[in-house]
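These are the residues of each chain, in order.
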There are 2 protein chains.
Amino acid sequence: MKKALGIDIGGTKILYGIVNEEGEIVSDIKKIPTPKTADEIYLALKNVIAQYYDEIDVVGLSSAGAVNLENTRVLSSTPNLPDGYNEIDFSTLCDKKVYVENDANCACAAEYKNGAGKGFNTVLMITIGTGIGGGVISDGKLFRGAKGNALEVGSMKIFADKRQKCTCGRYDCWESYASGTGLKNCAKTGALEYPEFQNSIYKDKNCNEITTYDITDGMQKNDAYSIKVFNQWMEYMFVGLVSLTDIFNPDCIVISGGMCSFVDVDGLEKKINEESVVTNVTVKRATTGNNAGMIGAAVLALG
Amino acid sequence: MKKALGIDIGGTKILYGIVNEEGEIVSDIKKIPTPKTADEIYLALKNVIAQYYDEIDVVGLSSAGAVNLENTRVLSSTPNLPDGYNEIDFSTLCDKKVYVENDANCACAAEYKNGAGKGFNTVLMITIGTGIGGGVISDGKLFRGAKGNALEVGSMKIFADKRQKCTCGRYDCWESYASGTGLKNCAKTGALEYPEFQNSIYKDKNCNEITTYDITDGMQKNDAYSIKVFNQWMEYMFVGLVSLTDIFNPDCIVISGGMCSFVDVDGLEKKINEESVVTNVTVKRATTGNNAGMIGAAVLALG
């Protein structure tokens, strides 16, 4: 079976290990801090690859940002990575094939091959953190679009009347309602609008300072305001997911990211199947966790 | 070059002709009325195929409704086609390959191969009639989803607060705002809400009876109410299209269907490129017209 060196380039650390064609990690997982300059990142990657060179067939890299159609460069701005990063031609790192892909697409590939989406035909992966990202694989093929930028699902609009400004400057992006930032926005709107706020455990807080943690903690404490905020957030999540179900006809939706533990996946699955015009979908939490980028990049490089 | 018999099964007529691998029609186009029963439709198709049998390699059928993954049957309800239609196994029509596909997907394939989308990598086709349908082809491959039902874009929600009921019974489907039905809904809402209605040429009409024709005609006559209704309809169109641009990263969006002549494609292209987070898209009107189903079914059968 062929093997890839999977490397996940994050803002703070670079994670790597050997992955086989089944998406299984077959070495120790190692990590180094992400260097501060593009030149140093390039050198660090060269050194990592040199250590494994004889054991591997290809190299897969997972990175933030949009990737070119040839899978050799990161094109878009990547706030957590240094200037000059976009200049790197990753294919020059070694004389074996080096394949770079966007982290959301890598995570989708990891879940499809050896995670929650294993065995399904069409896996839609939705990553819910500060924002919302996505990827879709159908019939074994990642959908990349004309320039490799597809699945910017966080920018899907869920209102058409310019109701709420997103941090990106546009209006009514799904991620301004249904991400971690979205939950904070729901908390703020709820504090101003819901009568339940008057009796809430947070009634003395500034509405801008109520955190996502406050809301999830408030739910545990049966705080009516927190429950109403959370339910509104889940409704926004649902609206986006049912639209994407009608658009992609997935048989599996995998939810990942920092907010995924808060999401009621069973409730979403039930509601989506009641509402969607297409056939049944299973909603699951991601299982590949922090290794998603590494596994997915390796699997895609081998594919 | 291989040839297909392309057949478009409509509610009132069946259209057919020979199409080559370039999507060019290379015979006369013929039509027969659609028979009233499923058995008669099956027999009519058998007769049509028999006439061309020696000249063709494969048969492509375009039909309303969702098609199974094997492209042999129509699964969903098709209000304009008779009971028993879903029972037909089209692969038994002759001993050459017979391939059936949903009409929206066929139209997308026709435009991609030999229409407005020719030469583009990722073509998103949006059909605007009574409702809204869609199809997408990227890298030569139609995106079908887990069960062949993808691209139900008309059901994408453009509000998340249950604002307007769609004819399908759900709330806030894009097609209830941006289709032909959507334009009528905009006219009604506008009659109730816009002060311009008081001075409109339609001020004495019942708001339920203002037609799409009234609005387009009113625009020609510089009626302020009609212009405002139309602009609102275009805004709803835009909101859906910019979301789909971020989702699919198409380099070409092709607009077709009965309402397509009313759509301001240049205005939409400009606004989408200003607003979308992904790279440039061209917006064009479809060019294959009434032959779209026939051409697309043939191209897909040959592909």
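Here the structure is a predicted model, which means the values were calculated and not measured.

**Student:** Just to check I follow, could you spell out the overall build of chain A for this structure?
**Tutor:** Broken down by element type, chain A carries 8 helices and 10 strands. Taking 303 residues into account, the globule formula puts the C-alpha radius of gyration at 19 Å, and chain A, at 20 Å, falls close to it. In terms of principal-axis extent, the alpha carbons of chain A reach across some 65 × 45 × 35 Å. Counting only residues that meet the buried cut, chain A has 57% of its 303 residues in that class. A separation of at least 24 residues holds for 62% of the contacts in chain A among residues at least 6 apart in sequence. Surface exposure of chain A reaches about 12400 Å², of which carbon and sulfur atoms provide 46%.

**Student:** Whenever I open this one, the nonpolar core confuses me. Can you help?
**Tutor:** Side chains of nonpolar character tend, in soluble globular proteins, to be buried together. Core analysis: the largest hydrophobic core is formed by 100 residues, its most contacted members being A:I126, A:W174, B:I126 and B:W174. Not counting the four nearest positions on each side in its chain, A:I126 is found in contact with A:I132, A:G133, A:V153, A:W174, A:L241, A:L244, A:I253, A:V254, A:I255 and A:S256.

**Student:** I tried to follow the interface of chain A and chain B on my own but got confused; where do I start?
**Tutor:** Accessible area lost during the coming together of the parts is what is often quoted as the interface size. Between chain A and chain B, the contact holds 45 residues from the first and 45 residues from the second. Approximately 3500 Å² of surface area, both sides summed, lies buried where chain A meets chain B, with 59% of it carried by carbon and sulfur atoms. Between B:E275 and A:K157 there is a salt bridge, and its shortest N-O distance comes to 2.5 Å. Where chain A touches chain B, the interface holds 24 residue pairs in polar contact (both at pLDDT 80 or more). Within the residue set of the side of chain A that touches chain B, elements represented by two or more residues are strand 7 (132-138) and helix 6 (224-248) of chain A. In terms of residues, the side of chain A that touches chain B owes the most to one element, helix 6 of chain A, which gives 9 residues. Taken together, the residues of the side of chain A that touches chain B break down into 20 nonpolar, 11 polar and 14 charged.

**Student:** Got a minute to help me understand the pattern of salt bridges in this structure?
**Tutor:** Working definition: two side chains of opposite charge can pair if their charged atoms are close together. Under the definition given, this model contains 20 salt bridges over all chains. With a closest N to O distance of 3.4 Å, A:E196 and A:K228 form a salt bridge. Taken together, the positions of A:E196 in the loop between helix 4 (180-193) and helix 5 (212-220) and A:K228 in helix 6 put the pair 32 residues apart, joining distant regions of the chain. Between A:D214 and A:K205 there is a salt bridge whose closest N-O contact spans 2.7 Å. Here the salt bridges share partners, and the residues they tie into one network are A:D161, A:R163, B:D161 and B:R163.

**Student:** What am I meant to see in the sheet that holds strand 1 (residues 3-9) of chain B here?
**Tutor:** Across a sheet, strands are paired by hydrogen bonds formed along the backbone, either parallel or antiparallel in direction. Residues and elements named next belong to chain B. Strand order across the open sheet formed by 5 strands is 3-2-1-4-5, with mixed pairing between neighbours. What marks the edges here is a single partner per strand, and that holds for strand 3 (30-33) and strand 5 (97-102). The average undirected angle you get between the axes of adjacent strands in this sheet is 20°. Pairing between strand 1 and strand 4 (residues 58-63): 6 bridges, direction parallel. For L5, the partnering residue across the bridge sits in strand 4 and is V59. Of the strands in this sheet, strand 4 and strand 5 are in contact with helix 2 (residues 103-114), which crosses strand 5 at around 100°.

Here is what the cut-offs are and how they apply
Residues numbered from 1 in each chain as written. Chains lettered and ligands numbered in written order. Predicted model: local features only at pLDDT ≥ 70, side-chain atom pairs only at ≥ 80, totals over all residues. Heavy atoms only, no water. Helix = DSSP H or I, 4+ residues; strand = E, 2+ residues; numbered from the N terminus. Rg over C-alpha atoms; globule rule 2.2 N^0.38 Å. Buried < 20%, exposed > 50% of the residue type's maximum accessible area, 1.4 Å probe, protein only. Contact = heavy atoms within 4.5 Å. Areas by Shrake-Rupley, 256 points an atom, 1.4 Å probe, with all protein chains shown as cover. Core = buried A, V, L, I, M, F, W, Y, C linked by side-chain atoms within 4.5 Å. Buried area = accessible area lost by both parts, 1.4 Å probe. Salt bridge = Lys/Arg side-chain N within 4 Å of Asp/Glu carboxyl O. Polar contact = N/O pair within 3.5 Å; in protein donor to acceptor, adjacent residues only side chain to side chain. Nonpolar A, V, L, I, M, F, W, Y, C, P; charged D, E, K, R; others polar. Pairing = 2+ DSSP bridges. Axes fitted to C-alpha atoms, helices over the stretch in contact; angles between N-to-C directions.

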